[in-house]
Amino acid sequence: DTAVSQTPKYLVTQMGNDKSIKCEQNLGHDTMYWYKQDSKKFLKIMFSYNNKELIINETVPNRFSPKSPDKAHLNLHINSLELGDSAVYFCASRRTGGNTEAFFGQGTRLTVV
Amino acid sequence: AQSVSQHNHHVILSEAASLELGCNYSYGGTVNLFWYVQYPGQHLQLLLKYFSGDPLVKGIKGFEAEFIKSKFSFNLRKPSVQWSDTAEYFCAVTDFLSGYSTLTFGKGTMLLVSP
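Quick notes on the rules
- Residues numbered from 1 in each chain as written.
- Chains lettered and ligands numbered in written order.
- Predicted model: local features only at pLDDT ≥ 70, side-chain atom pairs only at ≥ 80, totals over all residues.
- Heavy atoms only, no water.
- Helix = DSSP H or I, 4+ residues; strand = E, 2+ residues; numbered from the N terminus.
- Rg over C-alpha atoms; globule rule 2.2 N^0.38 Å.
- Buried < 20%, exposed > 50% of the residue type's maximum accessible area, 1.4 Å probe, protein only.
- Contact = heavy atoms within 4.5 Å.
- Areas by Shrake-Rupley, 256 points an atom, 1.4 Å probe, with all protein chains shown as cover.
- Lys, Arg positive; Asp, Glu negative; His and termini not counted.
- Charge placed at Lys NZ, Arg CZ, Asp CG, Glu CD.
- Disulfide = S-S within 2.5 Å.
- Core = buried A, V, L, I, M, F, W, Y, C linked by side-chain atoms within 4.5 Å.
- Pairing = 2+ DSSP bridges.
- Axes fitted to C-alpha atoms, helices over the stretch in contact; angles between N-to-C directions.

Caption draft 1: Seen up close, the overall build of chain B. Broken down by element type, chain B carries zero helices and twelve strands. Put simply, chain B runs from its N terminus to its C terminus through helices and strands in the order β-β-β-β-β-β-β-β-β-β-β-β. Taken over C-alpha atoms, the radius of gyration comes to 14 Å for chain B, in line with the 13 Å a tight globule of 115 residues would show. A principal-axis box enclosing the C-alpha atoms of chain B has dimensions of 45 × 30 × 20 Å. When burial is assessed residue by residue, chain B has 50% of its 115 residues classed as buried. The contacts of chain B with a sequence gap of at least 6 include a subset with a gap of at least 24, amounting to 56%. Summing over all exposed atoms, chain B offers an accessible surface of approximately 5300 Å²; the carbon and sulfur share of this is 57%. Seen as two clouds, the 8 positive and the 8 negative side-chain charges of chain B have centres 3 Å apart.

Caption draft 2: Broad picture of the state of the cysteines. Taken as a whole and judged by the stated rule, the model has two disulfides over all chains. With a sulfur-sulfur separation of 1.9 Å, Cys23 of chain A is cross-linked through a disulfide to Cys91 of chain A. Between Cys23 of chain A and Cys91 of chain A, the S-S dihedral sits near -75 degrees, and the bridge is therefore left-handed. One end of the pair, Cys23 of chain A, is in strand E3 (residues 19-25); the other, Cys91 of chain A, is in strand E9 (residues 87-94), and 68 residues separate them in sequence. A relative accessible area of 1% places Cys23 of chain A in the buried class. The side chain of Cys23 of chain B participates in a disulfide bridge whose partner is Cys91 of chain B; the two sulfur atoms lie 1.9 Å from each other. Between Cys23 of chain B and Cys91 of chain B the sulfur-sulfur dihedral comes to about -65 degrees; the bridge is accordingly left-handed. In this pair, Cys23 of chain B is assigned in strand E4 (residues 23-25) and Cys91 of chain B in strand E10 (residues 87-95), connecting sequence segments 68 residues apart.

Caption draft 3: View of the nonpolar core. In this structure, Trp35, Leu48, Phe74, Leu76 and Tyr89 of chain B are the most contacted members of the largest nonpolar core, which totals 28 residues. Setting aside residues up to four positions removed in sequence, Leu48 of chain B forms contacts with Leu33, Phe34, Trp35, Val57, Lys58, Gly59, Phe63, Glu64, Ala65, Phe74 and Leu76 of chain B. Counting residues in hydrophobic clusters, the runner-up holds 20 residues, among them Met46, Tyr49, Phe64 and Leu81 of chain A.

Caption draft 4: Focus on the pairing of strand E7 (residues 64-70) of chain A. All names here are of chain A. Sheet topology note: the E7/strand E8 (residues 73-78) ladder contains five bridges and is antiparallel. When the sheet's bridge partners are listed, Asp70 is paired in E8 with His73. The antiparallel pairing of E7 with E8 creates a hairpin that spans two residues between the two strands.

Caption draft 5: Quick peek at the sheet that holds E3 of chain A. Residue and element names in this part refer to chain A. Taken together, the four strands give an open sheet; going across it, the order is E1-E3-E8-E7, and neighbouring strands pair in antiparallel fashion. Pairing within the sheet leaves two strands with one partner each, and these edge strands are strand E1 (4-7) and E7. Going from strand to strand, the sheet's axes swing by 20 degrees on average, the running direction of each strand aside. As judged from the four bridges shared by E1 and E3, these two strands associate in the antiparallel manner. Looking at E3, one finds that Ser5 is bridged to Glu24.

Here's what the structure looks like:
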């Protein structure tokens, strides 16, 4: 039923660990995004994929690696987690082109201790 | 690159007061404009959108926004706010120049409505 689903919803982990967040959309969209929302609620785009190809890669440490096995999935893998990675990560999807809106997942609250 | 400015970081209103939240964007070409709302602890939900046509658009829950191309603005309004409108509000823009591939957000405005 859920249009854009992320797992897990909460993730608490220690510094130095590697973790993944999964995102799936059942809307038939061909563009997917990862956003990071910091403690001040600022939403910063991290990556954008179109038809499984990387379109946007903002200034993000290369410890973050997105993977899109197919158009419906965009997973985020993070290596060597740092305290500053603590944030809420949102996945979103939309149809490519103009006159379309983005749909967001529920978010994953990552806490690095 | 496109940028979005939201003028008010925090707004505090009493119930029944009128609301206007400012939003300005930088790129002046063909744009799609959005307002999203994030209730406490929840994900972003679309409030309203502008693609083309009538510059005054109506959204859910009594919200509306006006696109003024000459001012690069897309301000959000509501005549009478309710306590349940307490939330974070984000303006967002995508544009033709980027092939509509980016969706750039403003820094958000936290609205607190007191009963």
